[in-house]
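A look at the structure
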Amino acid sequence: MNQNSKIYAPNVHLFAFHLWDALGSDSNSPVNSQQPALTSSSNFPVNPEHLWQKCNEILKNNLKVDAELNSSNLYSAKTAPPGGRVNLIVENSVNDLAFLPFEKNIEHHGQPIFLQGFAQPQRIDDSYALGFNISIPEEIDGIKTSNVDVSIFQELNPDNCLLPNSVNSYFGQTLLLTAWLSAEQNQEMRQDEHFLKSLAQQCLEKFICGQNLPTFYRQGELFGSPILEYGNPNQQASYCHILIWFLNSPATGEIWDAARYGDFMELFLYRNKIIRAFWESRAYYRKIREEYEKIERDIDNTFKYLQRDKAQQKQSKGAGLKEEELKYLETQMIEMPPRAVKYARMLIDLEFRQNTIAINAQNYQDKLNQISLDIKAAKKYNDSDADLSFLETFSKETCPQFQRQIQADLGYFKHGSGLLDQATEAIRAIVAIEEAYRNAKLEVTIQAVGFGLGVAGVVAGSAPYLIEQEPSNQMVALPFLKGEINSFALVLLISIGAGVVVWGMVMLSANSKNLLGKFKNLLGKNKQLPPQ
């Protein structure tokens with residue numbers, strides 16, 4: 001067996017994060033998730049106990065150890081002490097430890113191996129956090145343990161139980177694999193720049209069985225030892241965040257202690273919240289873009305519906321809208337304000353994700369600054385040991401990139417609200433003009449009828465003085481016609497005729513501008529006719 005594929009004291013750390021307080025975080029997310037605990041796309045609440053249930057499932061079914069989180073060693077939401085960051089282990093139930101320990105013996109490639117680990121549940125602000133570790137210790141009873149082949153990682157992740165699609169935590173997770181390098185491996189690393197990446201790839205292939213491996217993202221140093229990162233946060237579909245940290249400096253072992261473990265728990269919580277918020281912003285982006293395109297399409301269709309041929313517009317000048325056109329506009333005027341409210345809410349949701357990223361990016365950087373101060377305060381580590389640039393890349397490069405993307409989306413899609421407002425005002429103006437036109441037309445008609453009735457009454461009242469009425473019901477000869485008509489019928493006809501003539505004159509006067517316009521249009525057309 002190749003000695004360069006052997007490692008010392010391998011560790012697997014799972015940092016998983018789940019929603020505890022739905023009021024303190026936005027659980028109504030459009031992210032389409034098939035995770036059973038992630039019910040953010042439904043009306044059902046997120047199960048806050050999911051992480052503890054999953055932890056017990058891993059212990060019992062996958063690792064087959066006799067340990068579990070239960071009411072005797074785990075604080076509930078009601079009994080947990082107050083505070084922003086709270087250890088949820090009842091310490092006096094586990095020998096005054098801050099975690100639930102477990103251990104087991106296995107045989108790997110004919111070599112007996114002792115495994116140990118722990119589960120550490122915590123509450124950090126609005127979230128539950130689970131620190132889960134399984135490892136081969138550096139020493140047993142003061143005796144240094146043997147090096148093991150990288151294939152040991154198969155035993156540390158049976159059935160891929162520690163991968164994201166198995167853990168299914170609301171805010172996501174980070175896996176940290178650590179191992180000490182031998183002197184020979186350190187020598188090989190200095191001679192071959194690709195050695196570490198090749199060794200990390202071997203570890204990854206053994207750790208994950210039967211699934212696609214996350215893509216290599218970047219490489220650097222942390223606390224004086226090389227570290228490699230896998231999983232690109234911009235690739236949501238295949239994302240699995242794994243860090244492989246090869247320890248080769250005594251300073252690394254000193255800095256990476258229980259205090260740093262808690263700091264990393266917080267760092268990875270902020271990191272995973274940021275990534276989830278960005279993914280949610282992409283889901284909102286798709287929804288808003290779809291609605292924006294629909295708004296543009298509906299507004300275009302609305303005004304195209306009202307457009308007519310120019311010649312037809314001139315011919316029908318002053319004719320107003322058809323009844324079905326008016327009803328269509330009134331319907332649009334009713335439907336557009338609720339759509340504007342819905343669209344504005346989606347923009348608010350997108351902006352909320354931007355704020356979430358900004359807040360957690362600041363928390364992330366503040367925690368890094370605190371770690372840096374703690375290391376420098378010890379005054380025994382050199383600059384490379386205290387260098388946190390590998391972790392700072394996320395807050396100084398990745399987070400601003402996320403924020404710029406969301407800001408660009410907001411800047412583009414905010415025009416959609418303006419489009420709806422302008423379209424609503426334009427439609428309201430068209431409807432108001434049409435209603436005013438129809439009211440004026442009705443008023444003219446009423447006036448014409450009134451004038452007609454008035455004149456008819458005057459004529460009817462004056463007729464008896466013009467037509468001899470004695471004897472009553474006498475017959476009156478009609479001029480130009482060989483016939484006679486009853487005097488009463490003649491009066492009636494005269495009054496009706498006079499009323500119709502006056503009504504026609506009033507209506508003609510009211511519409512004279514429209515007739516004049518049509519006449520001018522007709523003359524204009526005749527002038528444009530080619531000579532015969």
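From a predicted model like this one, the values you see are computed outputs, not experimental measurements.

1. Some points on empty space enclosed by the protein
- All chains considered together, the criterion is met by one cavity of 30 Å³ or more.
- The computed volume of the largest cavity comes to approximately 50 Å³.
- Arg 218, Glu 229, His 241, Leu 243, Phe 268, Arg 271, Tyr 364, Phe 390, Leu 391 and Phe 394 together form the lining of the largest cavity.
- Ranked by the residues each element gives to the lining of the largest cavity, the list is headed by helix 10 (residues 389-466), at three residues.
- The residue makeup of the lining of the largest cavity, split by class, is six nonpolar, one polar and three charged.

2. Some words on the layout of surface pockets
- Of the pockets and cavities examined, the second largest pocket occupies roughly 560 Å³.
- As for the second largest pocket, its lining consists of 28 residues, of which Asn 11, His 13, Phe 118, Asn 133 and Trp 256 are closest to the centre.
- Breaking the lining of the second largest pocket down by element, the ones donating at least two residues are strand 1 (6-19), strand 3 (100-108), strand 4 (111-124), strand 5 (127-135), strand 9 (172-180) and helix 7 (258-306).
- When residues of the lining of the second largest pocket are assigned to their parent elements, the largest contribution, five residues, is made by strand 4.
- Among the residues forming the lining of the second largest pocket, the class breakdown is 13 nonpolar, eleven polar and four charged.

3. Considerations on the environment of Leu 63
- Here Leu 63 is to be found in the loop between helix 1 (50-62) and strand 2 (85-87).
- A residue is classified by how much of its surface remains accessible, and Leu 63, at 3% relative accessible area, is buried.
- Linking Leu 63 and Asp 159, residues 96 residues apart in sequence, is a C-alpha distance of 9.6 Å.

4. Section: the pairing of strand 5
- Buried residues dominate strand 5, accounting for nine of its nine residues.
- Of the two faces of strand 5, the one holding Ser 127, Ala 129, Gly 131, Asn 133 and Ser 135 and the one holding Tyr 128, Leu 130, Phe 132 and Ile 134 are both buried throughout.
- As paired elements, strand 1 and strand 5 share nine bridges and run antiparallel to each other. In the sheet register, Phe 17 faces strand 5, and the bridge partner there is Ala 129.
- In the sheet, strand 4 pairs with strand 5 via nine bridges, with the strands oriented antiparallel. Following the sheet pairing, Gln 120 is matched in strand 5 by Gly 131.
- Turn length for the strand 4-strand 5 hairpin, with the two strands adjacent in sequence and antiparallel, is two residues, and the turn residue Asp 125 shows positive phi of about 55°.

5. Structural notes on the confidence of the model for the protein chain
- With 69% of its residues at a pLDDT of 70 or more, the protein chain shows a mean pLDDT of 81.
- Between residues 32-43, whose pLDDT stays under 50, and residues either more than four places distant or in other chains, the model counts 23 contacts.
- For residues 525-532, every residue scores under 50 in pLDDT, and the model assigns this stretch one contact once sequence neighbours within four places are set aside.

6. Notes on unusual backbone geometry
- Here the phi dihedral of Asn 95 falls at roughly 60°; this positive angle occurs in a residue that is not glycine.
- Relative to the elements of secondary structure, Asn 95 occurs in the loop between strand 2 and strand 3.
- A positive phi angle, close to 55°, is found at Lys 379, a residue other than glycine.
- Lys 379 gets classed as exposed once you look at its relative accessible area, which sits at 77%.

7. Re the pattern of salt bridges
- Inspection of every chain in the model, using the stated rule, returns 15 salt bridges.
- The partner of Arg 85 in a salt bridge is Glu 266, with the nearest N and O atoms 2.6 Å apart. Within this pair, whereas Arg 85 is found in strand 2, its partner Glu 266 is found in helix 7, the two being separated by 181 residues in sequence.
- Its relative accessible area of 10% is what places Glu 266 among the buried residues.
- A salt bridge links Glu 280 to Arg 353, with the nearest nitrogen and oxygen atoms 2.8 Å apart. Here Arg 353 lies in helix 9 (residues 323-378) and Glu 280 lies in helix 7, a separation of 73 residues in the sequence.

8. Description of the nonpolar core
- In this structure, Phe 223 and Leu 391 are the most contacted members of the largest nonpolar core, which totals 62 residues.
- Those elements giving two or more residues to this core turn out to be strand 1, strand 4, strand 9, strand 12 (242-247), helix 6 (250-255), helix 7, helix 9 and helix 10.
- Considering each element in turn, this core owes the most residues, 17 residues, to helix 7.
- In contact with Phe 223, other than residues within four places in its own chain, are Trp 245, Ala 251, Thr 252, Ile 255, Arg 260, Phe 264, Ile 371, Ile 375, Ser 384, Asp 385, Asp 387 and Leu 388.
- The next biggest cluster of nonpolar side chains, apart from the first, holds 57 residues, and it includes Leu 74, Phe 132, Val 150 and Leu 204.

9. Looking at the packing of helix 4 (residues 183-191) against helix 5 (residues 195-207)
- One can describe the packing of helix 4 onto helix 5 by two numbers: an axis separation of 8 Å at closest approach and a directional angle of 125°. In this view, helix 4 runs oblique relative to helix 5, as classed from their interaxial angle. Here Gln 185, Glu 188 and Met 189 of helix 4 come into contact with helix 5, specifically with Phe 195, Leu 196 and Leu 199.
- In terms of residue class, the contact of helix 4 with helix 5 is built from four nonpolar, one polar and one charged.

10. Here's the deal with the packing of aromatic side chains
- Counted under the stated rule, the structure contains 24 aromatic pairs.
- Arranged with centres 5.3 Å apart and planes meeting at 50°, the rings of Tyr 292 and Tyr 412 form a pair that is tilted. Separated by 120 residues along the polypeptide, Tyr 292 in helix 7 and Tyr 412 in helix 10 bring together distant segments of the chain.
- The class for Tyr 292 is buried, based on a relative accessible area of 6%.
- Given a relative accessible area of 49%, Tyr 412 falls into the partly exposed group.
- A connected cluster of aromatic rings, assembled from ring pairs, spans Phe 15, Phe 99, Phe 118, Phe 223, Trp 245, Trp 256, Tyr 261, Phe 264 and Phe 268.

11. What about the environment of Gln 354?
- Tracing the backbone through its elements, the reader meets Gln 354 in helix 9.
- Beyond its immediate sequence surroundings of up to four residues, Gln 354 is in contact with Gln 403, Ile 406, Gln 407 and Leu 410.
- Only 2.8 Å separates the side chain of Gln 354 from the side chain of Gln 407, close enough to count as a polar contact.

12. Concerning the side chain of His 108
- When you line up the elements, His 108 lands in strand 3.
- Accessibility expressed as a relative area gives 5% for His 108, which makes it buried.
- One polar contact links His 108 to Ser 151, side chain to side chain, over a distance of 2.9 Å.
- Excluding its chain neighbours within four sequence positions, the residues that come into contact with His 108 are Ile 113, Ser 151, Ile 152 and Glu 155.

The rules behind the values
Residues numbered from 1 in each chain as written. Predicted model: local features only at pLDDT ≥ 70, side-chain atom pairs only at ≥ 80, totals over all residues. Heavy atoms only, no water. 1 Å grid on protein atoms, 1.4 Å probe; cavity = no way out; pocket = protein on both sides within 12 Å on 5 of 7 lines; lining within 4 Å. Points joined across faces, edges and corners; volume = space filled by probe spheres on them. Helix = DSSP H or I, 4+ residues; strand = E, 2+ residues; numbered from the N terminus. Nonpolar A, V, L, I, M, F, W, Y, C, P; charged D, E, K, R; others polar. Buried < 20%, exposed > 50% of the residue type's maximum accessible area, 1.4 Å probe, protein only. Pairing = 2+ DSSP bridges. pLDDT = per-residue confidence, 0-100. Contact = heavy atoms within 4.5 Å. Salt bridge = Lys/Arg side-chain N within 4 Å of Asp/Glu carboxyl O. Core = buried A, V, L, I, M, F, W, Y, C linked by side-chain atoms within 4.5 Å. Axes fitted to C-alpha atoms, helices over the stretch in contact; angles between N-to-C directions. Parallel < 35°, antiparallel > 145°, perpendicular 65-115°, else oblique. Phe/Tyr/Trp six-rings, centres within 6.5 Å; stacked < 30°, edge-to-face > 60°. Polar contact = N/O pair within 3.5 Å; in protein donor to acceptor, adjacent residues only side chain to side chain.

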